Amino acid sequence: MGFMAVDEIARRHGFAPWRRRFQGVTSEGTLDHEKIVLLRPETFMNESGRSVQEAANFFKLGASDIIVFQDELELPPAKVRVKIGGGIAGHNGLRSISAHIGNDYRRVRLGIGHPGVKELVHGYVLSDFAKSDRPWVEALCAVMAENAGLLASGTDSTFQNKVHLAMQARGFFDNEDDDA
């Protein structure tokens, strides 16, 4: 889901065409007057830290300058949380990134829900979304792209709140749901 979010940010904000480098592809543009480089690693997910580290070294970025969009089993579908650092909860992509650049990068945790039992997790996270999930997935990517400038300017809690309220307004959460 992280790639889907990044693709929508690039599309919505007119970023440059994707080009191969840093063991992945990048697209550059501007959000909230900040120059942004989007990166989609093309290594295996378990090795995505190599790609992130190459890009960080080239642009002279510290971990605090990096935002990773990640799917999150422990959040209900369409929920978004932003945090700095923390555990990896078995996420091999995060394990690789943390091993290469440290743990103090920002994470946009994208709720995909849990399949219910541990034995189903592997297939669940590696498969495409079900057709019935498409409406909330597409809406979430659009809402995040609309508000991506807030991440660029460092106002993570405002980003998180606006995404929640927009998804609620589109009918994906109950109005009583105050877990913003």
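Within each chain, residues carry numbers counting from 1 in the order of the written sequence. Reporting in this predicted model follows two pLDDT cut-offs: at least 70 for local features of residues, and 80 or more for side-chain atom pairs to be given and counted; totals over whole chains, interfaces and linings ignore these cut-offs and use all residues. Here the side-chain values reflect all heavy atoms present in the structure, with hydrogen atoms and water set aside.

Draft legend 1. Quick peek at the sheet that holds strand β4 (residues 67-72). Paired strands, in this sense, are two strands between which DSSP finds at least two bridges. Secondary structure elements follow DSSP: runs of H or I of four or more residues count as helices, runs of E of two or more count as strands, with numbering from the N terminus. Spatially, β4-β6-β5 is the arrangement adopted by the 3 strands of the open sheet, whose pairing is mixed. Strands with a single pairing partner mark the edges of an open sheet, and in this sheet they are β4 and β5 (80-84). This sheet shows a mean twist of 25° between the axes of neighbouring strands, independent of strand direction. Taken strand by strand, helix α5 (residues 134-146) contacts β4, β5 and β6 (106-111), and its axis lies near 155° from that of β6. To get an axis, a line is fitted to the C-alpha atoms, and for a helix only the part in contact is used. The angle between two axes follows their N-to-C directions and goes from 0 to 180 degrees. Two residues form a contact once any of their heavy atoms are found within 4.5 Å.

Draft legend 2. The side chain of E8, seen in detail. You can see E8 is positioned in helix α1 (residues 2-12). N or O atoms closer than or at 3.5 Å make up a polar contact, with two conditions inside protein: a donor-capable atom paired with an acceptor-capable one, and, for residues adjacent in sequence, both atoms drawn from side chains. Within polar-contact distance, the side chain of E8 engages the side chain of R11 at 2.6 Å. Ignoring anything within four residues of it in the chain, the contact list for E8 reads C141, A142 and A145.

Draft legend 3. Looking closely at unusual backbone geometry. Phi angles above zero are rare outside glycine, and Q23 is one such case at about 55°. Position of Q23 among the secondary structure elements: in the loop between β1 (19-21) and β2 (24-31). Buried means the residue's accessible area, taken with a 1.4 Å probe over protein chains only, is under 20% of the maximum for its type, while exposed means over 50%, and partly exposed covers the values in between. Residue classification places Q23 among the partly exposed positions, given a relative accessible area of 31%. Even without a glycine there, the phi angle at A78 is positive, about 80°. Counting through the fold element by element, A78 comes out in the loop between β4 and β5. Looking at A78, the relative accessible area reads 3%, which means it is buried.

Draft legend 4. Up close: the sheet that holds strand β3 (residues 34-41). Sheet architecture is open: 3 strands sit in the order β1-β2-β3, paired in antiparallel fashion. The sheet is open, and its two borders are formed by β1 and β3, each paired with just one other strand. Strand-to-strand twist across the sheet, computed as the mean angle between neighbouring axes with direction ignored, equals 40°. Docked against the sheet, α1 engages β2 and β3, running at close to 140° with respect to β3. Against the sheet, helix α2 (residues 48-59) contacts β1, β2 and β3, and its axis sits at roughly 155° relative to β3.

Draft legend 5. Region of the structure containing the pairing of β2. With 6 of 8 residues buried, β2 lies mostly within the body of the structure. Pairing between β1 and β2: 3 bridges, direction antiparallel. Note on β2: the bridge partner recorded for R21 is G24. Between β1 and β2, which pair antiparallel in sequence order, lie 2 residues; one of them, F22, sits at a positive phi of approximately 60°. Pairing of β2 with β3 involves 8 bridges; the strand directions are antiparallel. By the bridge assignment for β3, E28 is matched with V37.

Draft legend 6. Here's a closer look at the packing of α1 against α5. For the pair α1 and α5, the least separation of the axes is 8 Å and the interaxial angle reads 50°. One finds that α1 runs oblique with respect to α5. The hand of the α1/α5 crossing is right-handed. Two secondary-structure elements touch here, α1 through M4, A5, E8, I9 and R12 and α5 through R134, V137, C141, A142, M144, A145 and E146. For this scheme, ten residues count as nonpolar: Ala, Val, Leu, Ile, Met, Phe, Trp, Tyr, Cys and Pro. Four count as charged, namely Asp, Glu, Lys and Arg, and the remainder, Gly too, count as polar. Within the contact of α1 with α5, the residues separate by chemical class into 8 nonpolar, no polar and 4 charged. Just so you know how the angles are binned, under 35 degrees is roughly parallel, over 145 roughly antiparallel, 65 to 115 roughly perpendicular, and the rest oblique. In this scheme, a crossing is called left-handed if the near helix is turned counterclockwise away from the far one by less than a right angle; it is called right-handed if the turn is clockwise.

Draft legend 7. Main features of the environment of M1. Assignment of secondary structure puts M1 in the segment before α1. Residue classification places M1 among the buried positions, given a relative accessible area of 14%. Measuring from C-alpha to C-alpha, the distance between M1 and L61 comes to 24 Å, with 60 residues separating the pair along the chain. Not counting residues up to four positions away in its chain, the partners in contact with M1 are L110, I112, F129, W136, V137, L140 and C141.

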